[in-house]
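# Examining the three-dimensional arrangement
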Amino acid sequence: MLKFLKWLFLGVLAILLVGFLYVYFFVLAKPGSISSLDQATDHKWHSIPLEGETTCSDGSEYRIFARQGKSQNLIIHFSGGGACWDDTTCSSPGTLMKAMLEGVPRDLKSFYAPNIPIVFPALLSGIFNAQDKANPFKDWTVVFIPYTTGDLHIGNTINTYQSKQGKIQVYHHGRKNVLAALNWISKNIKTPRKVLVSGESAGAYASAFWTPSVAAIYTKQPIYQLSDGSLLVSKRWAEVIDTVWKAESQSF
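Residues numbered from 1 in each chain as written. Predicted model: local features only at pLDDT ≥ 70, side-chain atom pairs only at ≥ 80, totals over all residues. Heavy atoms only, no water.

### Some thoughts on the overall build of the chain
On a plain count of helices and strands, the chain comes out with six helices and nine strands. Expressed as a percentage of its 252 residues, the buried residues of the chain come to 40%. Residue pairs in contact within the chain that sit at least 24 positions apart in sequence constitute 70% of those at least 6 positions apart. (Helix = DSSP H or I, 4+ residues; strand = E, 2+ residues; numbered from the N terminus. Buried < 20%, exposed > 50% of the residue type's maximum accessible area, 1.4 Å probe, protein only. Contact = heavy atoms within 4.5 Å.)

### Regarding helix α6 (residues 237–244)
Along α6, the positions that sit buried rather than exposed are W237, V240, I241 and V244. The arc enclosing the buried residues of α6, seen along the axis, measures out at 120°, which places them on a common side. On the buried face of α6, the contacting elements are β6 (157–163). With its phi angle positive at about 55°, K246 sits one or two positions after the end of α6. (Arc of directions from axis to C-beta.)

### Thoughts on the packing of helix α4 (residues 174–188) against helix α5 (residues 202–217)
Orientation of α4 relative to α5, taken along the N-to-C sense of each, is 25°, at an axis distance of 11 Å. On the basis of their axis angle, the class for α4 and α5 is roughly parallel. As α4 runs across α5, the sense of the crossing is right-handed. Facing R175, V178, L179, L182 and S186 of α4, the residues of α5 in contact are W210, S213, V214 and I217. For the contact of α4 with α5, the residue count by class is six nonpolar, two polar and one charged. (Axes fitted to C-alpha atoms, helices over the stretch in contact; angles between N-to-C directions. Parallel < 35°, antiparallel > 145°, perpendicular 65-115°, else oblique. Left-handed = near helix turned anticlockwise from the far one by under 90°. Nonpolar A, V, L, I, M, F, W, Y, C, P; charged D, E, K, R; others polar.)

### Quick look at the packing of aromatic side chains
All chains considered together, the criterion is met by six aromatic pairs. A centroid spacing of 5.9 Å and a plane angle of 80° characterise the contact between F128 and F144, whose relative ring orientation is edge-to-face. Of the two residues, F128 sits in the loop between α3 (96–102) and β5 (141–145) while F144 sits in strand β5, which places them 16 residues apart along the sequence. The exposure class assigned to F144 is buried, which follows from its relative accessible area of 2%. Taken together, W45, F128 and F144 form an aromatic cluster joined through their ring pairs. (Phe/Tyr/Trp six-rings, centres within 6.5 Å; stacked < 30°, edge-to-face > 60°.)

### Remarks on the nonpolar core
The biggest cluster of nonpolar side chains holds 54 residues, and the ones touching the most others in it are I64, W184 and I185. Counting residues per element, the ones that place at least two in this core are β2 (45–49), β3 (63–67), β4 (74–78), β5, α4, β8 (195–200), α5 and α6. Looking at this core element by element, the count peaks at six residues for α4. (Core = buried A, V, L, I, M, F, W, Y, C linked by side-chain atoms within 4.5 Å.)

### A few points about the sheet that holds β3
In spatial order, the strands read β1-β2-β3-β5-β4-β8-β9; together these seven strands make up an open sheet with mixed pairing. On the outer flanks of this sheet lie β1 (32–33) and β9 (223–228), each paired with one strand and no other. As defined by bridge partners, β2 adjoins β3 across five bridges and the pair is classed as antiparallel. When the sheet's bridge partners are listed, P49 is paired in β3 with R63. (Pairing = 2+ DSSP bridges.)

Here it is, written out as structure tokens:
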């Protein structure tokens, strides 16, 4: 009887915890949608749906996030989150439920994010923490570019892969997504004082790759670039980038 009550208590506690997390992240922290940065006068995160052929790898809607800062400085940040390039990796996307159940396993079971996690941008911290007085970037305007295409933000194709359940289609539309994001940024933030192009993991590569494009937009501003956690050791990456993802990296 005591064992039953213990498990019953733990079950109720788990339900309450899940309910709290759902309300906090999915209801209270859900950012409102805007089309222009002028609408973000509350200095909170907002989501921006983009025009054109932008899409997540699973075909769902792609959007970026922005927060109007109190200074004239700008951060353009590329999110990280794995990659996929063949039947094995592309048939094993990560989900929020997988992350909660598996944690960080020793052997990878998920390789990329197929869509935008609903917890974005509620969990963003570090340089994005506007409440931390020690954060030198707390007053900067931030544009956050989610990573949902498994292609280091540079792919330009749609591929079909074979999974255990059958064929799956993956939209490697990293290039289209970033170009649309940069177009929105150039129209909404015309004269920043400084610009930091940053990224972590897969986004670290994207931040280096796309910094020249940012510099072409802001020709009179000092541009800084920060790659955090970028390490790939493989002779195959040139093939993956240009043959699988059709990034045509040499054309940039």
